[in-house]
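# Structure at a glance
So you can see what is in the structure, the chains are spelled out below.
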Amino acid sequence: MKKIYWYFAIIGVIVSMAYYAGRQYLKFQYITSPSVVKEMGDWWLHLDRYYNNHFMIPTAEEFFNYGQKDSFVQDNFPEIIPQDLNKKDFVITSDSSYIIVWLFSELRKGQDTLLFSKMNFMDFLFRKSVLITSAPISDICGSQNFVILHNKQKVRNQQLEKELWKIIYDISIKNNDESKLMTSSSCFHVYFENRKMRLEVSSSDDESLLDDSYLKMVSSKLQFLEKDYSDFEIYLRLEK
């Protein structure tokens, strides 16, 4: 009798594995179908738009929800998030330059990048880390001298804008030789933790020019923000 139970157990395991593999193969066929491949290949455009609108790197869930609810996306790109994709299968990460979309997991150190176009069924079945697409991280300052945010939304504040223009003049114009062209600009991210100001370089034409003395000077001129503007978040472009 025990042998019969073992046979049934083995058969059950084989059937379960075959069923799982079959389901995964159907999923693999769907995710590698031309229509789905085309839409995922365009994700980088919408990642860039998401970042410029929300000033943050989305999680996979946030990006999927955005693609399915944002009025602009739905009016112009309604199929950008293909049906039946599981957002839990995707991971979105970033480095200093790019927003990156992975299938299953972020690439581990010491491994070669597996491109989506090279993925086969065994890669999919064993859930290897696969690179879907990437988008350059835009300079939030862009052509603007500053961006003021409150609760991640762009706002206007006349008094704060006036103070920021003074700083731009003091640092970028007053302290430079006007006969020389300013060839380097940097976008600074100013935010607050427990009402204490934090200063980071969001982007720079030449980071080698951002020495400690320059950063300390910028930080000292922005200290006034702690008193009256700690509820805001600021991106400030300065030239050097």
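If you're wondering where the values come from, they're calculated on a predicted model, not measured in any experiment. (Residues numbered from 1 in each chain as written. Predicted model: local features only at pLDDT ≥ 70, side-chain atom pairs only at ≥ 80, totals over all residues. Heavy atoms only, no water.)

Within the protein one finds nine helices and eight strands. Buried residues in the protein amount to 36% of all 240 residues. Long-range contacts, defined here as pairs at least 24 residues apart, represent 64% of the contacts in the protein between residues at least 6 apart. Carbon and sulfur atoms make up 52% of the accessible area of the protein, which totals about 15,200 Å². (Helix = DSSP H or I, 4+ residues; strand = E, 2+ residues; numbered from the N terminus. Buried < 20%, exposed > 50% of the residue type's maximum accessible area, 1.4 Å probe, protein only. Contact = heavy atoms within 4.5 Å. Areas by Shrake-Rupley, 256 points an atom, 1.4 Å probe, with all protein chains shown as cover.)

What follows covers the sheet that holds strand S4 (residues 146-150). Paired through backbone hydrogen bonds, the strands of a sheet run either parallel or antiparallel to each other. Strands sit in the order S5-S4-S8-S6-S7 across an open sheet of five strands; the sheet is antiparallel. Across the chains shown, the open sheet's two edge strands, defined by having one partner strand only, are strand S5 (153-154) and strand S7 (196-204). In terms of strand pairing, S4 meets strand S8 (residues 233-239) through four bridges, oriented antiparallel. In the sheet register, Ile-148 faces S8, and the bridge partner there is Ile-234. Across the sheet, helix H8 (residues 212-221) is in contact with strand S6 (185-193), S7 and S8; its angle to S7 comes to roughly 130°. (Pairing = 2+ DSSP bridges. Axes fitted to C-alpha atoms, helices over the stretch in contact; angles between N-to-C directions.)

As for its position among the elements, Asp-123 is in helix H6 (residues 121-125). Classification of Asp-123 as buried rests on a relative accessible area of 8%. Apart from the residues within four sequence positions on either side, Asp-123 is in contact with Leu-114, Lys-118 and Lys-128.

What follows is about the sheet that holds strand S1 (residues 90-94). The strand order S1-S2-S3 describes an open sheet built from three strands, whose pairing is antiparallel. The sheet is open, and its two borders are formed by S1 and strand S3 (130-136), each paired with just one other strand. For this sheet, the mean inter-axis angle between neighbouring strands, taken without regard to orientation, is 20°. Examined bridge by bridge, S1 and strand S2 (residues 98-103) share five bridges and lie antiparallel to one another. Its bridge partner lying in S2, Ile-92 is registered against Val-101. In this fold helix H3 (residues 43-54) packs onto S1, S2 and S3, with an angle of close to 50° to the strand it touches most, S3.

Next up on the list: the pattern of salt bridges. Inspection of the entire model under this criterion finds eight salt bridges. Between Asp-89 and Lys-27 there is a salt bridge, with the nearest N and O atoms lying 2.8 Å from each other. Of this pair, Asp-89 sits in the loop between helix H5 (71-76) and S1 while Lys-27 sits in helix H1 (residues 2-31), placing them 62 residues apart in sequence. (Salt bridge = Lys/Arg side-chain N within 4 Å of Asp/Glu carboxyl O.)

What follows is about a negative patch on the surface. Together, Asp-205, Asp-206, Glu-207 and Glu-239 make up a region of like negative charge exposed at the surface. Mapped onto the elements of the fold, Glu-207 is located in the loop between S7 and H8. By relative accessible area, Glu-207 is classed as exposed at 57%. (Patch = residues over 30% accessible without salt bridge, like charges linked within 9 Å, V, L, I, M, F, W, Y side chains within 5 Å. Lys, Arg positive; Asp, Glu negative; His and termini not counted. Charge placed at Lys NZ, Arg CZ, Asp CG, Glu CD.)

It is worth spelling out the packing of H3 against helix H4 (residues 60-69) at this point. Close contact between H3 and H4 brings their axes to 11 Å; oriented N to C, the two are set at 95°. The pairing of H3 with H4 is recorded here as roughly perpendicular in orientation. Residue-level contacts link Trp-43, His-46, Leu-47, Arg-49, Tyr-50 and His-54 of H3 to Glu-62, Phe-63, Phe-64 and Tyr-66 of H4. Residue composition of the contact of H3 with H4, by class: six nonpolar, two polar and two charged. (Parallel < 35°, antiparallel > 145°, perpendicular 65-115°, else oblique. Nonpolar A, V, L, I, M, F, W, Y, C, P; charged D, E, K, R; others polar.)

Tallied over the entire structure, the rule returns 16 aromatic pairs. By the ring-pair criterion, three or more aromatic residues cluster together here, those being Trp-43, Tyr-50, Phe-63, Phe-64, Tyr-66 and Phe-90. (Phe/Tyr/Trp six-rings, centres within 6.5 Å; stacked < 30°, edge-to-face > 60°.)

Relative to the helices and strands, Tyr-229 is located in the loop between helix H9 (225-228) and S8. Residues Tyr-229 and Phe-192, 37 residues apart in the sequence, show an inter-C-alpha distance of 9.2 Å. The residues touching Tyr-229, leaving out its near neighbours within four places in the chain, are Asn-157, Gln-159, Leu-160, Phe-192 and Phe-224.

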